[in-house]
Amino acid sequence: TQTVSQSDAHVTVFEGDSVELRCNYSYGGSIYLSWYIQHHGRGLQFLLKYYSGNPVVQGVNGFEAEFSKSDSSFHLRKASVHWSDSAVYFCAARGMPNYNVLYFGSGTKLTVEP
Amino acid sequence: EAAVTQSPRSKVAVTGGKVTLSCHQTNNHDYMYWYRQDTGHGLRLIHYSYVADSTEKGDIPDGYKASRPSQENFSLILELASLSQTAVYFCASSDTEQFFGPGTRLTVL
């Protein structure tokens, strides 16, 4: 059974701080990982993805994520957050047997204090 | 310009009534999806479709039907709405990434 877990339901930081949002997965075989952001009352928007190659991938607005096969992780990071980064962040994964179905984690709510 | 739209944006339904949620995409994507999101939780897949006139069950299909009359349109149907189906419903289309609509807030009373 494929699972995606986000251990932190809430993370609060101050503007200008760095942040890491954690994601761990349980999958067999090749895996495709991504992060989405959901601002309050809105739909999800794609941030970044990893399938192969360089394990550090860059996304929009200064976000990056690092894939680790040994840790089964795909953590999202940002060096200096802005108040507008306050949102819920979802990690998602897809793989065999159906690459067209995404499995989402439960989300991490990031609050950036002024 | 929004590529995935949903209607209605919110709806109040009575228990036992029929509810139809509509989704329209202009991305020219083959795949479309319906998810539900409960407060404080992630998304769970209800139904999806990869071609017109065909639908597939997701992880939580019970109590829901889906219809894909064309590549652009994908509907979610609750024949007998129940209290437990109160949630926010999201539609998405995809090629390699998923593009989401703004959501429909459904309240069943």
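Residues numbered from 1 in each chain as written. Chains lettered and ligands numbered in written order. Predicted model: local features only at pLDDT ≥ 70, side-chain atom pairs only at ≥ 80, totals over all residues. Heavy atoms only, no water.

Caption draft 1: Structural detail: the packing of aromatic side chains. Overall, the coordinates contain 17 aromatic pairs over all chains when judged by the stated rule. Where Tyr36(A) meets Phe100(B), the ring centres are 5.8 Å apart and the plane angle is 80 degrees; that geometry is what we call edge-to-face. Of this pair, Tyr36(A) sits in strand S5 (residues 31–38) while Phe100(B) sits in strand S10 (residues 98–100), placing the two residues on different chains. Just as Tyr36(A) is buried, Phe100(B) falls in that class too. Aromatic side chains Tyr50(A) and Phe67(A) sit 4.4 Å apart centroid to centroid with 15 degrees between the ring planes, which places their arrangement in the stacked category. You can see Tyr50(A) sitting in strand S6 (residues 44–50) and its partner Phe67(A) sitting in strand S8 (residues 64–68), a full 17 residues away along the chain. Looking at Tyr50(A), the relative accessible area reads 8%, which means it is buried. Each residue in the set Tyr36(A), Phe46(A), Phe90(A), Phe104(A), Tyr31(B), Tyr33(B), Tyr35(B), Tyr48(B), Tyr50(B) and Phe100(B) is aromatic and connected to the rest through ring pairs, giving one cluster. In this structure, Arg94(A) is placed above the aromatic ring of Tyr32(A), and the distance from its NZ or CZ to the ring centre is 3.7 Å. (Phe/Tyr/Trp six-rings, centres within 6.5 Å; stacked < 30°, edge-to-face > 60°. Helix = DSSP H or I, 4+ residues; strand = E, 2+ residues; numbered from the N terminus. Buried < 20%, exposed > 50% of the residue type's maximum accessible area, 1.4 Å probe, protein only. Lys NZ or Arg CZ within 6 Å of the ring centre and 35° of its normal.)

Caption draft 2: Here's a closer look at the pairing of strand S2 (residues 10–14) of chain A. All names here are of chain A. The alternating pattern of S2 places Val11 and Val13 on a buried face, while none of His10, Thr12 and Phe14, on the opposite face, is buried. Pairing analysis gives five bridges linking S2 to strand S12 (residues 108–113), with the strands arranged parallel. Residue His10 lies in a different strand from S12, and its bridge partner there is Lys109. (Pairing = 2+ DSSP bridges.)

Caption draft 3: How the structure looks around the sheet that holds strand S7 (residues 65–67) of chain B. All names here are of chain B. Here four strands make up an open sheet; going across it, the order is S1-S3-S8-S7 and the pairing antiparallel. Each having just a single partner strand, strand S1 (4–7) and S7 make up the two edges of the open sheet. Averaged over neighbouring strand pairs, the angle between their axes works out to 20 degrees when direction is ignored. Here strand S3 (residues 19–25) runs beside strand S8 (residues 73–78); their pairing, made up of six bridges, is antiparallel. By the bridge assignment, Val19 is partnered in S8 with Leu78. (Axes fitted to C-alpha atoms, helices over the stretch in contact; angles between N-to-C directions.)

Caption draft 4: Main features of the state of the cysteines. Applying the stated criterion across every chain, the model contains two disulfides over all chains. Two residues share a disulfide in this structure: Cys23(A) and Cys91(A), whose sulfurs sit 2.0 Å from each other. Handedness here is read from the sign of the S-S torsion; for Cys23(A) and Cys91(A), about -65 degrees, the answer is left-handed. With Cys23(A) in the loop between strand S3 (19–21) and strand S4 (24–26) and Cys91(A) in strand S10 (residues 87–95), the pair connects residues that are 68 residues apart, well separated along the chain. Residues Cys23(A) and Cys91(A) agree in their burial class; the two are buried. The disulfide bridge from Cys23(B) ends at Cys91(B), spanning 1.9 Å between sulfur atoms. With the S-S dihedral at roughly -75 degrees, the linkage between Cys23(B) and Cys91(B) falls on the left-handed side. (Disulfide = S-S within 2.5 Å.)

Caption draft 5: Main features of the interface of chain B and chain A. Every contact between the two is made by 19 residues of chain B and, on the other side, 19 residues of chain A. Across the chain B to chain A interface the summed buried area is about 1400 Å²; carbon plus sulfur atoms make up 49%. There are one salt bridge connecting chain B and chain A. Listed by contribution, the elements that provide at least two residues to the side of chain B that touches chain A are strand S4 (31–37), strand S5 (43–51) and S10 of chain B. (Contact = heavy atoms within 4.5 Å. Buried area = accessible area lost by both parts, 1.4 Å probe. Salt bridge = Lys/Arg side-chain N within 4 Å of Asp/Glu carboxyl O.)

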